[in-house]
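These are the residues of each chain, in order.
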Amino acid sequence: MRNLFALLTAALVSTVVASPTVPRQASNYVGYLVSTFSDANPRIQFHLSNGNNALSFKFLNKGQPVLASTVGTKAARDIFLTTNSARSEWYLLATDLDVTVPGFSWDKATRQGSRGIVVWKSSNLVDWSQSTLRTIEKDTAGMVWAPSAVWDEETSQYYLFWASRHYSASDTKHTGKATLDKIRYTTTKDFTTFSEPRDYLAPSDTPLIDQEFQYLGTPGSFARFYKNETTSQVYQEITSDGLFGTWTRVGLVTSTSGLEGPASYADNVTPGVYHLLLDDYTQYIPYETSDIKSAKWKKSSTSGFPKGLKHGSVTPLTQKEYDALTKAYPA
Ligand SMILES: *[C@@H]1O[C@H](CO)[C@@H](O)[C@H](O)[C@H]1NC(C)=O
C-alpha cells in the first residue's frame, strides 16, 4: 500500500509542468521592481527601474525600507517576490536570520536557525499584511535559507524551494554532524499551510544553496541557478519538461567564485535577452545573455545600476503596478 502510494505520488510529481505566469508579450511590461535588503538594514527595500531600463534603478520610499519583520529574529534577508498568473495576490518571502545579533556565528545559525520563513501578503503590491513567520521545515532542519517560489497554473498552487541541512532525529539539539546543505521544496496555495517538505536537489558530494528558476517562455521550459558551496560558484542547468523533469547542466555562469543569490529576469524590451544578478557578498553584479540555453553570460554595464543591492528578486511590472509603486513609495 505504502509503496503503491509512493509510486503514484512520484508519477504525479513527475508530470508537473509548472509555468509561473500566463505567457505575455514582452511589451506588456513597462518596468522592473527589485525587492532586496541590506546587511546594515535587513528589511524589505524596493528599487524601481527608470522607465523600462533593466539596469537603471531608483531607490523607492526615499531610500528607506518599506517593510520590517516583526516576527522571529526580526530580520529579513534573501528577499523573494512571487505572484500568481492573474497577478491578483503577491507574497514577499524572506529568510528569518539576523547576522548582526551579538555573538552571531554561522555554525549556530545552521544548527539552531529558524525553520520558518517571513511572509507578507498583498493584493496590489502596495498595501501589505503584517509579517508572519511560517514554519515550513521538520524539526530535524538546522535552518531555512533563501526561499524562492514558482506558481503552477495547472494545479493553482506555488512550489516553494529553500536550502537546509538536517540532523539525525535523535540529535534533537543539533550538536552532531548534519547532512550537506540541500534544496528542499513544498507546495502551498496560500503560504499558510504547506505540504510535507521533501528533497528537491540533494547531491551526495556537494552542498547547495540559493536556487532560483527562470521561466523560458514556453510551458515546462526553465533555467535554474544555484550556488555550489564547495567552490562558491553559480551553476546553470536547463529543462524543457518541467521543474521535476530532466535537467541538463549548461555550466558555470562565470568562472569567478565568491558569488551567490542568483536573481534572473527576462528583458522587457528585447525578446530573448535575460539578465542575471549575482551577489558578491557585498552587492549585486549584473550579467546578461542573448543565448540563455548555452549560458553565454557577460557582465553588463553598471553605470545606472545601484550599489549595495543584496540577494533579492526582480519582477517585471505592468503599467498599473509601476504607477501604484511610484505613487505609494516615491523615490
Ligand atoms: C561543485 O564543485 C566541485 C568542485 O569543483 C565539484 O567536484 C562538484 O561536482 C560540484 N557540484 C555540483 C553539483 O556542481
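You'll find the structure just up there.
Cut-off values and rules
- Residue indices begin from 1 for each chain and proceed along its sequence in written order.
- With pLDDT at 70 or above as the cut-off, local features in this predicted model cover only qualifying residues; side-chain atom pairs require 80 or more to be listed or tallied, and sums for whole chains, interfaces and linings still use all residues.
- Excluded from the side-chain calculation are hydrogens and water; included are all heavy atoms of the structure.
- Runs of E in the DSSP output that reach at least two residues are strands. Runs of H or I that reach at least four are helices, and both are numbered from the N terminus.
- The quantity called the radius of gyration is restricted to C-alpha atoms. Its globule counterpart is 2.2 Å times the number of residues to the power 0.38.
- Under the scheme applied here, a residue whose accessible area is under 20% of the maximum for its type counts as buried, over 50% as exposed, and between as partly exposed, the area being computed with a 1.4 Å probe on protein chains only.
- Contacts: residue pairs with any heavy atoms within 4.5 Å of one another.
- To measure how exposed things are, a 1.4 Å probe is used in the Shrake-Rupley method; for residues, cover is taken only from the protein chains shown.
- N or O atoms within 3.5 Å of each other form a polar contact, as long as, within protein, one can give a hydrogen and the other can take it, and as long as residues adjacent in sequence are counted only when both atoms are side-chain atoms.
- Note on aromatic contacts: the rings of Phe and Tyr and the six-membered ring of Trp form a pair at centre separations within 6.5 Å, being stacked when their planes are under 30 degrees apart, edge-to-face when over 60 apart, and tilted otherwise.
- Working rule: Lys NZ or Arg CZ, within 6 Å of ring centre, within 35 degrees of ring normal, means a charge sits over the ring.
- What makes a nonpolar core is a set of buried Ala, Val, Leu, Ile, Met, Phe, Trp, Tyr and Cys residues whose side-chain atoms join them at distances within 4.5 Å.
- Strands were regarded as paired on the criterion that DSSP finds at least two bridges between them.
- Where helices are involved, their axes are fitted lines through C-alpha atoms of the stretch in contact, as for all axes, and angles between N-to-C directions lie from 0 to 180°.
- Residue proximity to a molecule or strand is established when one non-hydrogen atom of the residue lies within 4 Å of it.
- As a working rule, the residues Ala, Val, Leu, Ile, Met, Phe, Trp, Tyr, Cys and Pro are called nonpolar, Asp, Glu, Lys and Arg charged, and the rest polar, with Gly in that last group.
- We count a salt bridge whenever a side-chain nitrogen from Lys or Arg sits within 4 Å of a carboxyl oxygen from Asp or Glu.

Before going further, it helps to spend a moment on the overall build of the protein chain. From N to C terminus, the protein chain includes three helices and 20 strands. Taking 20 Å as the expected radius of gyration for a compact globule of 331 residues, we find that the protein chain reaches 19 Å, a close match to that expectation. Referenced to the eigenvectors of the C-alpha coordinate spread, the extents of the protein chain come out at roughly 55 × 45 × 40 Å. In the protein chain, which comprises 331 residues, the proportion classed as buried is 55%. Nonlocal contacts in the protein chain, meaning residues at least 24 apart in sequence, comprise 56% of its contacts between residues at least 6 apart. Just so you have it, the protein chain exposes about 14400 Å², and 52% of that area is on carbon and sulfur atoms.

We now examine the side chain of Asp 279. Along the chain, Asp 279 turns up in strand S17 (residues 274-279). A polar contact of 2.7 Å, which involves the side chain of Asp 279, links it to the backbone nitrogen of Tyr 281.

Moving on: the packing of aromatic side chains. Counting across every chain of the model gives 23 aromatic pairs. Summarising the aromatic geometry, the rings of Tyr 185 and Tyr 200 are spaced 6.2 Å apart at their centres and angled 75° between planes, so their arrangement reads as edge-to-face. Taken as a pair, Tyr 185 in strand S10 (residues 182-188) and Tyr 200 in strand S11 (residues 198-201) lie far apart in primary sequence, 15 residues in all. With a relative accessible area of 13%, Tyr 200 lands in the buried category. Following the ring pairs from residue to residue traces out a cluster consisting of Tyr 159, Phe 161, Tyr 185, Tyr 200, Phe 213, Tyr 215, Phe 222, Phe 244 and Trp 247. Between Arg 249 and the ring centre of Tyr 235, over which it is positioned, the NZ or CZ distance is 4.0 Å.

Burial of nonpolar side chains together is a common tendency in soluble globular proteins. If you look at the biggest cluster of nonpolar residues, it comprises 24 residues, and the most contacted ones within it are Phe 46, Leu 92, Trp 120, Trp 128 and Leu 325. Those elements giving two or more residues to this core turn out to be strand S2 (45-49), strand S4 (76-83), strand S5 (90-96), strand S6 (116-122) and helix H3 (319-328). If we skip the residues at most four places from it in the chain, Trp 128 touches Phe 46, Leu 67, Leu 81, Trp 90, Tyr 91, Leu 92, Trp 120, Lys 121, Ser 122 and Tyr 329.

Read across the open sheet, the four strands follow the order S12-S13-S14-S15; overall the sheet is antiparallel. Strands at the two margins of the open sheet, each flanked by one partner only, are strand S12 (208-215) and strand S15 (248-252). Going from strand to strand, the sheet's axes swing by 25° on average, the running direction of each strand aside. In this sheet, strand S13 (residues 222-228) lies alongside S12 in antiparallel orientation, the contact comprising six bridges. Bridge assignment links Tyr 215 to a residue of S13, and that residue is Phe 222.

Moving on: the sheet that holds strand S18 (residues 284-289). Within a sheet, each strand pairs with its neighbour through backbone hydrogen bonds, oriented either parallel or antiparallel. A sheet is described by the order of its strands in space; here four strands give the open sequence S16-S17-S18-S19, paired in antiparallel fashion. The strands lining the two open edges of the sheet, one partner per strand, are strand S16 (260-266) and strand S19 (298-299). Relative to S18, S17 runs antiparallel, the two being bridged by six bridges. Note on S18: the bridge partner recorded for Leu 278 is Ile 285.

Let us now look at the site of the ligand. Around the ligand sit Asp 205, Thr 206, Asn 228, Thr 231, Tyr 235 and Arg 249, and that is every residue in its neighbourhood. Between the ligand and Thr 206, the relevant distance is 2.8 Å, taken from a nitrogen atom to a side-chain nitrogen or oxygen of the residue. Residue Arg 249 places a side-chain N or O atom 2.9 Å away from an oxygen atom belonging to the ligand. Relative to its unbound accessible area of 360 Å², the ligand is 61% covered by the protein chains. In the shell around the ligand, the residues fall into one nonpolar, three polar and two charged.

The final tally for this structure, using the stated rule, is 14 salt bridges. Taking the shortest distance from any N to any O, the salt bridge between Arg 184 and Glu 137 comes out at 2.7 Å. In this pair, Arg 184 sits in strand S10 while Glu 137 sits in the loop between strand S7 (132-135) and strand S8 (145-152), placing the two residues 47 residues apart along the sequence. When sorted by exposure, Arg 184 lands in the same class as Glu 137, which is buried. Among the ionic pairs, Arg 184 bridges to Asp 199, the shortest N-O distance being 2.9 Å. Separated by 15 residues along the polypeptide, Arg 184 in strand S10 and Asp 199 in strand S11 bring together distant segments of the chain. On the basis of relative accessible area, Arg 184 is assigned to the buried category, the value being 6%. Asp 199 sits in the partly exposed class, given a relative accessible area of 38%.

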